[in-house]
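# Analysis of the macromolecular model
Chain residues, written in single-letter form:
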Amino acid sequence: MQRAGASIIHINVTDFAAAVEVARNPSLADTPFVVALEGSARTVVLTPSRRAWEEGVRAGMPLRFAKQMIPSLQVLPWDNQSTAKADAAITSIAQKYSPSIQCDRGGHIYLDMQGTTRLFGPVVDSAVQIQGEIRKKLNLEASVAVASNKLVAKVGTRTTRPAGLIQIREGDEASFLAWQDVSLLSGVGSATSRLLSVAGITTIGQIAALGDEQVMAFLGKRGLALRDAARGLDKSPLQNGLPEKRIVQRKISFSEPILEMDALKAAVVAAGEDAALAMRTAGLGSAKIHIALLYSDGRRSEASHRIKGQWVYDHEISLVAWKVAQLAASRRVRILSCSLSLGELSPLAPTLDLFLPDAQHRSDSLQQAVDRMRHKFGPGILTHGAALAHA
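The text that follows walks through the structure, step by step, so that each part is easy to find. Since we're looking at a predicted model, the values are computed, not measured.

Thresholds applied
- Sequence order sets the numbering: in each chain, residues are counted from 1 along the sequence as written.
- A pLDDT threshold of at least 70 governs which residues receive local features in this predicted model, and a stricter bar of 80 or more applies before side-chain atom pairs are shown or counted, although totals over entire chains, interfaces and linings include all residues.
- The side-chain figures draw on all heavy atoms in the structure; neither hydrogens nor water molecules are used.
- Between any two strands, at least two bridges found by DSSP are needed for them to pair.
- The numbering of helices and of strands both runs from the N terminus, where a helix is a DSSP run of H or I of at least 4 residues and a strand a run of E of at least 2.
- With axes taken as lines fitted to C-alpha atoms, and helix axes fitted only over the stretch in contact, angles between N-to-C directions fall between 0 and 180 degrees.
- Here, two residues are considered to be in contact whenever any of their heavy atoms come within 4.5 Å of each other.
- Stacked, edge-to-face and tilted labels apply to pairs of Phe, Tyr and Trp rings (six-membered ring for Trp) whose centres lie within 6.5 Å, assigned for plane angles under 30 degrees, over 60, and everything in between, in that order.
- Only protein chains enter the calculation, and the probe is 1.4 Å; a residue is then buried if its accessible area is under 20% of its type maximum, exposed if over 50%, and partly exposed in between.
- Here, a charge over a ring is recorded when the distance from Lys NZ or Arg CZ to the ring centre is within 6 Å and its angle to the ring normal is within 35 degrees.
- By nonpolar core we mean a set of buried residues, namely Ala, Val, Leu, Ile, Met, Phe, Trp, Tyr and Cys, connected to one another through side-chain atoms within 4.5 Å.
- Here a salt bridge means any side-chain nitrogen of Lys or Arg lying within 4 Å of a carboxyl oxygen belonging to Asp or Glu.
- By the criterion applied in these results, polar contacts are pairs of N or O atoms within 3.5 Å in which, for protein atoms, one can donate a hydrogen and the other can accept it, and in which residues neighboring in sequence qualify only through two side-chain atoms.
- Given a helix with a known number of residues, its expected span is that number minus one, times 1.5 Å.
- Note that the term roughly parallel is reserved for angles under 35 degrees, roughly antiparallel for angles over 145, roughly perpendicular for angles of 65 to 115, and oblique for everything else.
- We call Asp, Glu, Lys and Arg charged. Ala, Val, Leu, Ile, Met, Phe, Trp, Tyr, Cys and Pro are nonpolar, and the rest, Gly among them, are polar.

## Examining the sheet that holds strand β4 (residues 74-77)
Note on sheets: strands pair through backbone hydrogen bonds, and any given pair is parallel or antiparallel. One open sheet holds the three strands; their spatial order is β3-β2-β4, and the pairing between them is mixed. For this open sheet the edge positions go to β3 (45-48) and β4, each flanked by a neighbour on one side alone. Between one strand axis and the next, the sheet turns through 35 degrees on average, direction left out of account. One ladder, built from three bridges, connects strand β2 (residues 33-36) with β3; its direction is antiparallel. Paired with valine 35 across the strands is threonine 47, a residue of β3. Where helix α1 (residues 16-24) meets the sheet, it contacts β2, β3 and β4, and its direction lies at approximately 120 degrees from that of β2.

Written as structure tokens, this is what we have:
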């Protein structure tokens, strides 16, 4: 969405969890360390410190590889309490400048500054003040960008991290993006980046120059949206609030009330696949699955389950959702509808395909392939056999 005067501010604290640890303990500033969830099913580096990054450690790398690269590497546990406090403190600083705020956790915040110039002056001045307050009060360095939409502002902070500031004026979006590396564009993961590099496409401007037929040949219908993004076009509004307060919800109403558990399972799996695709497309994972059933006599029953980590893949979400649905289906009364909600959302834990353990790599690769097919041909093109009973 193009906005007069480029009124969107994006705040990006690079390698947030590691930055929070350094803010708490400045002696770590020149120490190679990583933040990781040791003992979890996905034992990968969540965040490297700046020193560890300089020595080749990357987010998503298996922890054992990182330790082989740097024998003296320190491993710190993920501290939910500290990162949550830091996020809240950044939000407290930012929301003084605008009531229209999107907090994505992990040191990422968007502000819409439309209508605030009489109070605070030019938007770029507010950006400078916010960046300074975060540094002074929290001992955190933030990259800050001002642009006409969220997409361009996000690329802006990626080009100036860890502590720069940039303003992309309205009308200059395409020219700013043209010479940036294609990996900086939202929606270009490692798999897409490799595919584009085979075609000799390394800059965002090269994607922007593709015609409809060319981009669809490479990436299918999804490629059209990526090409528009490469041209600096973005109509997405700010999603006010924290991601864990948002939910992805799907509801299935049956043409006739059902009593058969196979029919309920089919609906749950179909709803779970559709909700999970939307969740992953937004770059989020879920820590809570909730099922609500509405019966033919007007009564409802509900059940939910949560974990400390994330559910990401279709197979794990469908499995847990069905277990929750069985808990909710405590009455032998015909069911009118089923609602599935994925809640307590948070940004996906970073992964790098080339460094994933074999089992994890296979799961990621399979899910990415399925998602690409669904984006290209529609959600119903690939589905679990259990969902086929749902009309």
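## Points about the packing of aromatic side chains
Using the criterion set out here, one finds one aromatic pair in the structure. Between tyrosine 97 and phenylalanine 120 the ring centres are 5.0 Å apart and the planes differ by 45 degrees, which places this aromatic pair in the tilted class. Of the two residues, tyrosine 97 sits in the loop between α4 (80-94) and β5 (101-103) while phenylalanine 120 sits in helix α5 (residues 117-120), which places them 23 residues apart along the sequence. A relative accessible area of 7% places tyrosine 97 in the buried class. Residue placement shows lysine 150 over the ring face of tyrosine 110; its charged tip is 5.4 Å from the ring centre. In this structure, arginine 331 is placed above the aromatic ring of tyrosine 295, and the distance from its NZ or CZ to the ring centre is 4.8 Å.

## Things to note about the nonpolar core
Membership of the largest hydrophobic core comes to 32 residues, with the highest contact counts inside it found for Leu264, Val268, Ile291, Leu293, Leu340 and Leu342. Secondary-structure elements contributing two or more residues to this core are β9 (248-258), α13 (261-281), β10 (284-295), β11 (300-311), α14 (314-328) and β12 (335-347). Top contributing element to this core by residue count: α13, with eight residues. Contacts of leucine 342, omitting those with residues within four sequence positions, involve Arg246, Ile247, Val248, Ala275, Ala276, Met279, Ser286, Lys288, Ile289 and Ile317. By size, the runner-up hydrophobic cluster in this structure holds 28 residues, among which are Ala145, Ala153, Ile201 and Ile204.

## Remarks on the pattern of salt bridges
One pass over the structure, following the stated rule, counts 14 salt bridges. Note that arginine 300 and glutamate 302 form a salt bridge whose closest N and O atoms lie 3.3 Å from each other. Here glutamate 302 falls in the partly exposed class, since its relative accessible area comes to 46%. One salt bridge connects glutamate 344 with arginine 306, and the closest N-O pair in it is separated by 2.6 Å. Of this pair, glutamate 344 sits in strand β12 while arginine 306 sits in strand β11, placing them 38 residues apart in sequence. Connected via shared salt-bridge partners are Glu21, Arg24 and Asp79.

## Observations regarding the pairing of strand β6 (residues 108-112)
Here β6 lies mainly inside the structure; four of its five residues are buried. In terms of strand pairing, strand β1 (residues 8-12) meets β6 through five bridges, oriented antiparallel. Across the sheet, the residue bridging to histidine 10 is tyrosine 110, located in β6. Inspection of the sheet shows β5 paired to β6 by three bridges, in the antiparallel sense. Paired with cysteine 103 across the strands is isoleucine 109, a residue of β6.

## Description of helix α7 (residues 150-160)
In terms of burial, α7 is a largely internal element, eight of the 11 residues being buried. Of the residues making up α7, those classed as buried are Lys150, Leu151, Val152, Ala153, Val155, Gly156, Thr157 and Thr160. Two to three positions downstream of the cap, the backbone nitrogen of leucine 151 sits 3.2 Å from a side-chain oxygen, assigning the N-cap of α7 to asparagine 149.

## Focus on the sheet that holds strand β7 (residues 143-147)
Read across the open sheet, the five strands follow the order β5-β6-β1-β7-β8; overall the sheet is mixed. Of all the strands in the sheet, the pair left with one neighbour each is β5 and β8 (165-167). Going from strand to strand, the sheet's axes swing by 10 degrees on average, the running direction of each strand aside. Two strands pair when backbone bridges link them, and β7 and β8 are joined in this way by three bridges, in the parallel orientation. Bridge assignment links valine 144 to a residue of β8, and that residue is leucine 165. Relative to the sheet, α4 contacts β1, β5 and β6, its axis offset from that of β6 by approximately 15 degrees.

## Focus: α14
If you check α14, its first and last C-alpha atoms are 20 Å apart, about what 15 residues at 1.5 Å a residue would give, namely 21 Å. Those residues of α14 that sit buried are Asp314, Glu316, Ile317, Ser318, Val320, Ala321, Trp322, Val324, Ala325 and Ala328.

## Description of the pairing of β1
With five of five residues buried, β1 is to be regarded as a mostly interior element. The side-chain alternation of β1 yields two buried faces, one formed by Ile8, His10 and Asn12 and the other by Ile9 and Ile11. Of the strand pairs in this sheet, β1 and β7 are connected by five bridges, and their pairing is antiparallel. Paired with asparagine 12 across the two strands is serine 143, which belongs to β7.

## Overview of the packing of α1 against α4
Between two packed helices, what matters for the description is the angle formed by their axes and the separation of those axes. Running from amino to carboxyl end, α1 crosses α4 at an angle of 90 degrees, the nearest separation of the two axes being 10 Å. Taken together, the axes of α1 and α4 are roughly perpendicular relative to one another. Judged by residue contacts, Phe16, Ala17, Val20 and Arg24 of α1 engage Ser82, Thr83, Ala86, Asp87 and Ile90 from α4. Its residues assigned to classes, the contact of α1 with α4 shows five nonpolar, two polar and two charged.

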